[in-house]
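Geometric and topological summary
So the chains spell out like this:
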Amino acid sequence: MRSVDDHLAMIIDATMTPEPIRIGITDALGLMCAEEVQATSPLPGFSQAAVDGYAVRAVDVGGGTSLGHKEDSPAPEASLPVVGEVAAGSQKPLRLQPRQAVRVATGAPLPTLADAVLPLEWSDRGRKRVTPHRPVRSGDFIRREGDDIQPGDIAVRSGAVLGPAQIGLLAATGRDKVLVYPRPRVTVMSYGLELVDIDRNPGLGQVYDVSSYAVASAAKDAGADVNRVGIINAEPRRLKEQLAVQAQKSEFIVITGAVGGSSAKPIQEALGELGGIDTTRVAMHPGSAQGFGLIGEDRIPVFLLPSNPVSALVIFEALIRPAIRTSLGKRVPTRRTVKARALGRVESIPGRLGFIRARLMRDAETHDYLVDGIGGVSGSPAHLLAGLAEANAIIRIPTDVSEVRPGDIVDVLFLQQRA
């Protein structure tokens, strides 16, 4: 039986990053940049006011040449004539003469010779003449041309994951498109003679195809571009054709219901003809029975999951989600893990890494994390989907631990914040 860490390492080693494509920056959030974006102009593009106030020469309002100001600095004695007003977006240049002030709005270009802005709050707010209440020093409350970025600077580096700040920098450099590694394409299929889609009523011995919907949603949540094919044809020749077609347009293929029992033999044989499939058990629960292999000329990773949706989702969380996140270029592809105090007793299978669905919460007084297991209690079924739907976390129990007692500190994977 292979350990979870060894199995995950094998999967990550086979994970591919899609070829870069150029897309609009509005669609690039969360993707990894595939080029170095160099600034061709300064940012800001001109010296501008950082606050509403008056553009002045610092020496005319009692300031010096160093940045900053002192609360106890003496206030200037004389007022200055206000010789004009500049709004944000103004394209009309103004020139400031000694012992004059120009009223400016935040973002407005600074008049020539002005080296500071006197905030409105530090003055009497005069329209024709302004009396400063406190001095400013050269450089106070202005954004100088090129303070943020100079021409030739790297605005966004190759390999950076594009967040809101990076998208803003791309816009600031005038870029409307960027070269990125796209979301990996994940094809989700389901296999089983007992399955019917949700647009039909199941007959005797039939069940709805639940797992492919659940796994497809999990793949989308992980950041993938998902194609849910649904139930695939069980006829061997047709089965092989479908798999070969999907391998040409996917970075990952996930098939639910493809392990366990003699009914799964046809799909495993078809996959074997297209590449190599390993159905060795993995030392975890639930979800020990699973398969992994590489098919097609491009050696596309294929995951074989049980038909039970809880087992399928736990395997996805532990092994497939990290592969998708790695493909996206995430530096930390796994979920956030926190230490929490167990509120109740939880059992685990010795020799297997336990993934027990749970509710994670915070103590109102101590702010410590508390966790209450939903599965893993003696007599509680581990296969029920409703319990997983109530969970916002998974307790990760080491292979050498068979029981967690109330008060024990455990590792918990934080799935999502519930309202």
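The model shown is predicted, which means the values in this text are computed figures rather than measured ones.

Conventions adopted
- Residues numbered from 1 in each chain as written.
- Predicted model: local features only at pLDDT ≥ 70, side-chain atom pairs only at ≥ 80, totals over all residues.
- Heavy atoms only, no water.
- Helix = DSSP H or I, 4+ residues; strand = E, 2+ residues; numbered from the N terminus.
- Rg over C-alpha atoms; globule rule 2.2 N^0.38 Å.
- Buried < 20%, exposed > 50% of the residue type's maximum accessible area, 1.4 Å probe, protein only.
- Contact = heavy atoms within 4.5 Å.
- Areas by Shrake-Rupley, 256 points an atom, 1.4 Å probe, with all protein chains shown as cover.
- Pairing = 2+ DSSP bridges.
- Polar contact = N/O pair within 3.5 Å; in protein donor to acceptor, adjacent residues only side chain to side chain.
- Axes fitted to C-alpha atoms, helices over the stretch in contact; angles between N-to-C directions.
- Parallel < 35°, antiparallel > 145°, perpendicular 65-115°, else oblique.
- Left-handed = near helix turned anticlockwise from the far one by under 90°.
- Nonpolar A, V, L, I, M, F, W, Y, C, P; charged D, E, K, R; others polar.
- Arc of directions from axis to C-beta.

1. Focus: the overall build of the protein chain
Along its length, the protein chain carries seven helices and 28 strands. Here the C-alpha atoms of the protein chain give a radius of gyration of 31 Å, more than 25% beyond the 22 Å that 2.2 N^0.38 yields for 419 residues. Its C-alpha atoms give the protein chain principal-axis dimensions of about 95 × 50 × 40 Å. Classification of the 419 residues of the protein chain by burial places 47% in the buried group. For the protein chain, contacts bridging at least 24 residues in sequence account for 72% of all contacts bridging at least 6. Looking at the protein chain as shown, the accessible area adds up to about 20,600 Å², and 50% of this sits on carbon and sulfur atoms.

2. Comments concerning the sheet that holds strand E2 (residues 32-33)
Sheet strands pair by backbone hydrogen bonding; their relative direction is either parallel or antiparallel. The antiparallel open sheet is built from three strands, whose spatial order is E1-E12-E2. Here the strands that pair on one side only, and so sit at the sheet edges, are strand E1 (21-24) and E2. Where E1 lies against strand E12 (residues 177-181), four bridges are found, and the strand directions are antiparallel. Each residue of the ladder has a partner; that of glycine 24, found in E12, is lysine 177.

3. Considerations on the side chain of glutamine 100
Examined against the element boundaries, glutamine 100 turns out to sit in the loop between strand E6 (80-86) and strand E7 (101-104). Among the polar contacts made by the side chain of glutamine 100, one reaches the main-chain amide nitrogen of glutamine 97 at a distance of 3.1 Å. Contact partners of glutamine 100, with chain neighbours within four places excluded, come to Ala55, Val56, Asp60, Leu80, Pro81 and Val83.

4. Here's the deal with the packing of helix H4 (residues 236-247) against helix H5 (residues 265-274)
Orientation of H4 relative to H5, taken along the N-to-C sense of each, is 50 degrees, at an axis distance of 9 Å. Overall, the two elements H4 and H5 adopt an arrangement that is oblique. Note that H4 runs across H5; the crossing there is right-handed. Contacts between H4 and H5 involve Leu239, Lys240, Leu243 and Ala244 on the former and, on the latter, Pro266, Ile267, Ala270, Leu271, Glu273 and Leu274. For the contact of H4 with H5, the per-class residue count stands at eight nonpolar, no polar and two charged.

5. Some details on the sheet that holds E7
Spatially, five strands are ordered E8-E5-E7-E6-E9 in an open sheet, and the strand pairing comes out mixed. Here the strands that pair on one side only, and so sit at the sheet edges, are strand E8 (116-119) and strand E9 (129-130). As judged from the three bridges shared by E6 and E7, these two strands associate in the parallel manner. Within the sheet, the bridge partner assigned to glutamate 85 lies in E7 and is arginine 103.

6. Thoughts on the packing of helix H1 (residues 4-14) against helix H6 (residues 309-327)
Between H1 and H6, the least distance of the axes is 10 Å, while the angle of their chain directions is 35 degrees. The element H1 and its partner H6 pack so that their crossing is right-handed. Facing H1, whose interface residues are Val4, His7, Leu8, Ile11 and Ile12, H6 presents Ala318, Leu319, Pro322, Ala323 and Thr326. Partitioned by chemical class, the residues of the contact of H1 with H6 number eight nonpolar, two polar and no charged.

7. Comments concerning the environment of arginine 2
Considering the arrangement of structural elements, one finds arginine 2 in the segment before H1. Along the primary structure arginine 2 and aspartate 411 are separated by 409 residues, whereas in three dimensions their C-alpha atoms are 21 Å apart. The residues contacting arginine 2, other than those within four sequence positions of it, are His7, Met10, Asp278, Thr280, Arg281, Val282 and Ala283. A polar contact is formed between the side chain of arginine 2 and the side chain of aspartate 278, at a distance of 2.7 Å.

8. As for unusual backbone geometry
Look at the link from leucine 43 to proline 44: it is a cis peptide, with omega at -5 degrees. Mapped onto the secondary structure, proline 44 falls in the loop between strand E3 (37-38) and strand E4 (48-49). Phi is positive for phenylalanine 141, which is not a glycine, with a value near 60 degrees. Note on phenylalanine 141: relative accessible area 27%, which makes it partly exposed. Of note, the phi angle at histidine 367 is positive, near 65 degrees, even though the residue is not glycine. Within the element layout of this structure, histidine 367 appears in the loop between strand E24 (353-362) and strand E25 (369-373).

9. Quick word on H5
Residues separated by three or four positions in an α-helix point in the same direction, a consequence of the helix having 3.6 residues per turn. Inspection of H5 places Ile267, Gln268, Ala270 and Leu271 among the buried residues, and these make up the whole buried set. Taken down its axis, H5 places every buried residue within 160 degrees of arc, on the same side. Facing away from the buried side of H5 by more than 90 degrees, the exposed set consists of Glu269 and Glu273. For H5, the secondary structure elements touched by its buried residues are H4, strand E17 (252-256), strand E18 (275-278), strand E20 (291-295) and strand E21 (300-305).

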